[in-house]
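Per-entry structural report
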Amino acid sequence: MWRTAYVNGRYLRHDDAKVHVEDRGYQFADGVYEVCEVRGGHLIDERRHLGRLQRSLDELRISPPMSQPALGVVLRETIRRNRVRNGIVYLQVTRGAAPRDFAFPPVPTRPSIVVTARSLDRAASEAAAAAGIAVVTLPDNRWERVDIKSVSLLPNVLAKQAARDRGAREAWFVAEDGKVTEGASSNAWIVTHEGKVVTAPAERGILRGITRTVLLEVLRKQGLAFDERPFAVEEAYAAREAFVTAASQIVMPVVRLNDRPIGDGVPGPLALALRNAFHDHAEIT
């Protein structure tokens, strides 16, 4: 079976899906995106993801391509046509196609939208969580508005490759003050020796991850101590546990940071418990 993509009002074979050569997402990274988990054929936290999409569009002054209910229909149809039971659905909206000019194109220019979906190996993800992942740190060289989920991801691409070159799966960005901001494609967390869960506050220095938001609700409901504050790399070295969160990874334990073991060098019990509890609190539609 071939894959299907939704492009500007049409469902097309993935191999035949095209965007205009002067699409501003292609020429200027002038667009935003979302990635939603698909579990058991259902969308996870659709409402929160579409709410964040609208915020990103508003911040960049891009008109939404359709209403949120209509977009929900497109997401589900793309998932259905690709027969995705467990995986992700990717949504991208750009300012549209127009003759190349840095300033915004004329008002009639319609935004472009692309939606794709693909299956992920759930067993492989569970195996990765059982083993834990390695992370490296890199200087944070991104623009200040990382709170917008923009398709402008070149620093993240370079960070991911640097991690891979060093035998790691993720990279944590570190600000000039030595504090960890977030991962190249995830939010960063530690568990202190006192048992308090710590993650950076979701201000303009990081993206307000949807998985992060849900996990904070889990911590509140379970009465677990947590603190939204920056933490230093040295504090992470001394942590009892560490983990990352993202729609495609849920809660993923970190066992090594810059080739140094975190805690006992194995996935921590709290990270694994939070991973197991996550979908009991997420919105499934």
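Presented here is an overview of the structure given in this document. (Residues numbered from 1 in each chain as written. Predicted model: local features only at pLDDT ≥ 70, side-chain atom pairs only at ≥ 80, totals over all residues. Heavy atoms only, no water.)

**Describing the overall build of the protein chain**
Summing up its helical and strand segments, the protein chain has 8 helices and 16 strands in all. Relative to a compact globule of 285 residues, whose C-alpha radius of gyration would be 19 Å, the protein chain shows 19 Å and is just as compact. Dimensions of the protein chain, computed from the C-alpha atoms along their principal axes, are close to 55 × 40 × 35 Å. Counting only residues that meet the buried cut, the protein chain has 50% of its 285 residues in that class. Put simply, of all contacts in the protein chain between residues at least 6 apart along the chain, 72% involve residues at least 24 apart. On the protein chain, roughly 13800 Å² of surface is accessible, and the fraction owed to carbon and sulfur atoms is 52%. Measuring between centres, the 40 positive side-chain charges of the protein chain sit 5 Å from its 35 negative side-chain charges. (Helix = DSSP H or I, 4+ residues; strand = E, 2+ residues; numbered from the N terminus. Rg over C-alpha atoms; globule rule 2.2 N^0.38 Å. Buried < 20%, exposed > 50% of the residue type's maximum accessible area, 1.4 Å probe, protein only. Contact = heavy atoms within 4.5 Å. Areas by Shrake-Rupley, 256 points an atom, 1.4 Å probe, with all protein chains shown as cover. Lys, Arg positive; Asp, Glu negative; His and termini not counted. Charge placed at Lys NZ, Arg CZ, Asp CG, Glu CD.)

**Notes on the packing of helix α2 (residues 46–60) against helix α3 (residues 68–81)**
Here α2 crosses α3 at 120 degrees, and the two axes come no closer than 11 Å. Judged by the angle between their axes, α2 and α3 are oblique. In the crossing of α2 with α3, the sense of the turn from one axis to the other is right-handed. Side by side, α2 and α3 meet where Glu46, Leu50, Gly51, Leu53 and Gln54 of the first sit next to Gln68, Leu71, Gly72, Leu75 and Arg76 of the second. Partitioning the contact of α2 with α3 into residue classes produces 4 nonpolar, 4 polar and 2 charged. (Axes fitted to C-alpha atoms, helices over the stretch in contact; angles between N-to-C directions. Parallel < 35°, antiparallel > 145°, perpendicular 65-115°, else oblique. Left-handed = near helix turned anticlockwise from the far one by under 90°. Nonpolar A, V, L, I, M, F, W, Y, C, P; charged D, E, K, R; others polar.)

**What to know about the pattern of salt bridges**
Counted according to the given criterion, the structure contains 21 salt bridges. Across the pair glutamate 59 and arginine 145 runs a salt bridge, and its minimum N-O distance is 2.8 Å. With glutamate 59 in helix α2 and arginine 145 in the loop between β7 (133–139) and α5 (154–165), this residue pair connects regions lying 86 residues apart in the sequence. Classification of glutamate 59 as partly exposed rests on a relative accessible area of 34%. (Salt bridge = Lys/Arg side-chain N within 4 Å of Asp/Glu carboxyl O.)

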